[in-house]
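Structural overview
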Amino acid sequence: MARTETDRCPGVLAVHQAADGGLARVRLPGGRLSSAQLDVLRVAAAELGDGRLELTSRGNVQIRGLKADGPQELSDRLYSAGLLPSITHERVRNILASPLSGLDQESRYDVLPVAAALDRALCGRPALAELPGRFLFALDDGRGDLADVRADVAVRALDERSAVLSLGGRGVRVGWADVPELMLAAAEAFLAVRDQEWRIAEVGADRVLERLGVRADEVADTSSTRMAAGVHGSALVVTVPLGSVTQDQAAVLAQGGDEVRITPWRSVVVPVGATGLEEVGLVTQPDSVWEGVTACAGQPGCAKALADVRTDATRLNVVRGGRRVHWSGCERRCGKPAGAFVDVVAVGNGYLVDGERL
Ligand code: SF4
C-alpha cells in the first residue's frame, strides 16, 4: 500500500503546529532519562510550553504549547542535556525496551544495554535517517510486555545467550552479539523494498525477510503481560493519570533516584523507596481507577477534537471491570492502545461508549 501523505511525525526539530501551539516529541530510546534530564524537560515545559510533560505510547515525552521562539530554545537545551545526540536521526530513534529489564526476576536478559548499543549504531548509519518517524524497534527481555506494541523489528529474549528476532510474527533465533546489527539490517532491507510505506506490515514482512536473506521459521511468541503500578523487584512502577505529568509530579519523580524509565503505558519506573508520589496525585497501587485509562489530546490541543476529553475523563471516569479504557475527541482515536479496550469517543453532543451513548 503506497502512502500519499507526507510523514509528519513530530520531533524536537520538526515541531508539529497544534491548535494550542508547537508540539515537540523527545525520543527516549529504552525510555531512559537521568533525573537531571527529567529536570531539564520539566523546566523547559514550564518556561517554553504549557508546563506539562506528556507521556506517549512509545515511551517518549512531548512538550505542548510551545511559543514561536520555543522550538529553537528547546533544541538548544536538549542538546546540552544529551537528549539530542543526533540532528539527522532524532525522529528515527524509536526504540522500546522492557522497562523493568534487569530490575526484577522476570527478566531473562537485560536488554537496556542492547537498546543503547542499537541507538548508537542506528545514529551512525546515515542511510537510516530516511526511516519513517513511525518505524519502531522493540527489545523484550523475555517477559512478553512488548508483544502487542506492533513493532516493525522485534527481539524477544530466550535466555542469556539467545533471542528471537521477528518481523511480522515470524522469527529467527539469533545470538545477542548479533542483535543490533541484524535489527539495523532489517531496517535497511525495509528501506530497500519500500515505496512510500511507513511500516513493515505495509510492505509485507516476507519481502523484507527475503531481502534480508533470512529464513524465518520460528513463530514469535505473541503472549503479552501487562505491567501494573506497584513494586516489582527493586523498582516501583508509578502510573501517571492520563500520562500528563505536572510540574510537581515531575519534580517528585526526579528526586526518586538517579534515573527514571518512561514506559509505553503512561507510567514511570523509579527505585523502590521513592517518596512523596501519592501526595502529588501519582498512583503507586495496581487497583487505581486510573490503571489502563488513556486519552488523546482532545480540546484545546487538537483542532479536530469535539470535546475536552481529558477533563471529561477525569470527571466521568468510565470503569469497565478492569478493561482498558481509551477516550478520543473524534473518530481518529489517536493514541489508542493495542488490543481490546473500552472505546469512548466524542460525537459532538456527548460520548459513545463501545457504540452506545454514555
Ligand atoms: S483522536 Fe481526534 S481529537 Fe483526538 S487527538 Fe486525534 S485527531 Fe485530535
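Residues numbered from 1 in each chain as written. Predicted model: local features only at pLDDT ≥ 70, side-chain atom pairs only at ≥ 80, totals over all residues. Heavy atoms only, no water.

**Considering the sheet that holds strand 17 (residues 293-295)**
Strand order in this open sheet of five strands is 17-18-19-20-21, and the pairing throughout is mixed. In this open sheet, the two strands that pair with only one neighbour each are strand 17 and strand 21 (356-357). Pairing geometry for strand 19 (residues 342-346) and strand 20 (residues 351-353), over three bridges, is antiparallel. The residue of strand 20 that forms the bridge with valine 345 is leucine 352. (Pairing = 2+ DSSP bridges. Helix = DSSP H or I, 4+ residues; strand = E, 2+ residues; numbered from the N terminus.)

**Concerning the environment of aspartate 7**
Along the chain, aspartate 7 falls in the segment before strand 1 (16-18). For aspartate 7, a relative accessible area of 18% translates into the label buried. In the structure, aspartate 7 is positioned 127 residues away from arginine 134 in sequence and 8.4 Å away in space, judged by C-alpha atoms. Residues within four places of aspartate 7 in sequence aside, it is in contact with Arg91, Pro132, Gly133, Arg134 and Trp198. (Buried < 20%, exposed > 50% of the residue type's maximum accessible area, 1.4 Å probe, protein only. Contact = heavy atoms within 4.5 Å.)

**Remarks on the side chain of arginine 261**
Here arginine 261 lies in strand 15 (residues 259-262). What makes arginine 261 buried here is its relative accessible area of 9%. A polar side-chain atom of arginine 261 sits 3.0 Å from the main-chain carbonyl oxygen of serine 101. Residue contacts for arginine 261: discarding those within four places in its chain leaves Gly31, Arg32, Pro99, Leu100, Ser101, Leu103, Leu112, Ser267, Val268 and Val269. (Polar contact = N/O pair within 3.5 Å; in protein donor to acceptor, adjacent residues only side chain to side chain.)

**Brief notes about the site of the ligand**
With respect to spatial proximity, the complete set of residues near the ligand consists of Cys296, Ala297, Cys302, Lys304, Ala305, Gly329, Cys330, Arg332, Arg333 and Cys334. Looking at the shell around the ligand residue by residue, the class counts come to six nonpolar, one polar and three charged. (Near = heavy atom within 4 Å. Nonpolar A, V, L, I, M, F, W, Y, C, P; charged D, E, K, R; others polar.)

**Details of unusual backbone geometry**
Following glutamine 299, the chain continues into proline 300 via a peptide bond in cis, with omega recorded as 0 degrees. With respect to the helices and strands, the residue proline 300 is situated in the loop between strand 17 and helix 8 (309-315). Even without being glycine, arginine 266 reaches a positive phi, approximately 55 degrees. Tracing the chain through its elements places arginine 266 in the loop between strand 15 and strand 16 (267-271). Although it is not a glycine, arginine 333 sits at a positive phi angle of roughly 55 degrees. Within the secondary structure layout, arginine 333 lies in the loop between strand 18 (325-328) and strand 19.

**Thoughts on the packing of aromatic side chains**
Between two aromatic rings, the relevant description is the distance of the centres plus the angle of the planes. Applying the stated criterion across every chain yields a total of four aromatic pairs. Measuring from centroid to centroid gives 4.2 Å for tyrosine 109 and tryptophan 176, while their planes differ by 15 degrees, and the two rings are stacked. Within this pair, whereas tyrosine 109 is found in the loop between strand 6 (95-97) and helix 3 (112-123), its partner tryptophan 176 is found in the loop between strand 10 (170-175) and helix 4 (179-193), the two being separated by 67 residues in sequence. Overall, tyrosine 109 belongs to the partly exposed group, its relative accessible area being 23%. (Phe/Tyr/Trp six-rings, centres within 6.5 Å; stacked < 30°, edge-to-face > 60°.)

**What about a nonpolar patch on the surface?**
A contiguous nonpolar patch, built from Leu13, Tyr79 and Ile87 and spanning about 330 Å² of accessible area, is present on the exposed surface. Locating isoleucine 87 in the fold gives a position in the loop between helix 2 (70-80) and strand 6. The class for isoleucine 87 is exposed, based on a relative accessible area of 52%. (Patch = residues over 30% accessible without salt bridge, like charges linked within 9 Å, V, L, I, M, F, W, Y side chains within 5 Å. Areas by Shrake-Rupley, 256 points an atom, 1.4 Å probe, with all protein chains shown as cover. Salt bridge = Lys/Arg side-chain N within 4 Å of Asp/Glu carboxyl O.)

**Details of the nonpolar core**
Ranked by internal contacts, the top residues of the largest apolar core, which has 39 residues, are Leu131, Phe137, Leu139, Val153, Leu167, Trp176 and Met183. Of the residues forming this core, the biggest block, nine residues, is contributed by helix 4. Non-local contacts of phenylalanine 137, meaning those with residues more than four positions away in its chain, are made with Asn94, Ile95, Leu96, Leu118, Leu122, Leu131, Ala151, Val153, Met183, Leu184 and Ala187. Ranked by size, the runner-up nonpolar core spans 35 residues in total, among them Val26, Leu55, Val238 and Ala274. (Core = buried A, V, L, I, M, F, W, Y, C linked by side-chain atoms within 4.5 Å.)

**Thoughts on helix 4**
Given a rise of 1.5 Å per residue, 15 residues ought to cover 21 Å, and the 21 Å separating the end C-alpha atoms of helix 4 matches this to within 8%. Inspection of helix 4 places Val179, Pro180, Met183, Leu184, Ala185, Ala186, Ala187, Ala189, Phe190 and Val193 among the buried residues, and these make up the whole buried set. (Expected span 1.5 Å × (residues − 1).)

**Brief notes about the pattern of salt bridges**
For the coordinates displayed, the defined rule picks out 18 salt bridges. A salt bridge links aspartate 20 to arginine 64; its shortest N-O distance comes to 3.0 Å. In this pair, aspartate 20 sits in the loop between strand 1 and strand 2 (21-26) while arginine 64 sits in strand 5 (residues 61-66), placing the two residues 44 residues apart along the sequence. Here glutamate 259 makes a salt bridge to arginine 261, at a shortest N to O gap of 3.3 Å. Assessed through its relative accessible area of 28%, glutamate 259 is described here as partly exposed. Overlapping salt bridges bring together Asp20, Glu54 and Arg64 as one network.

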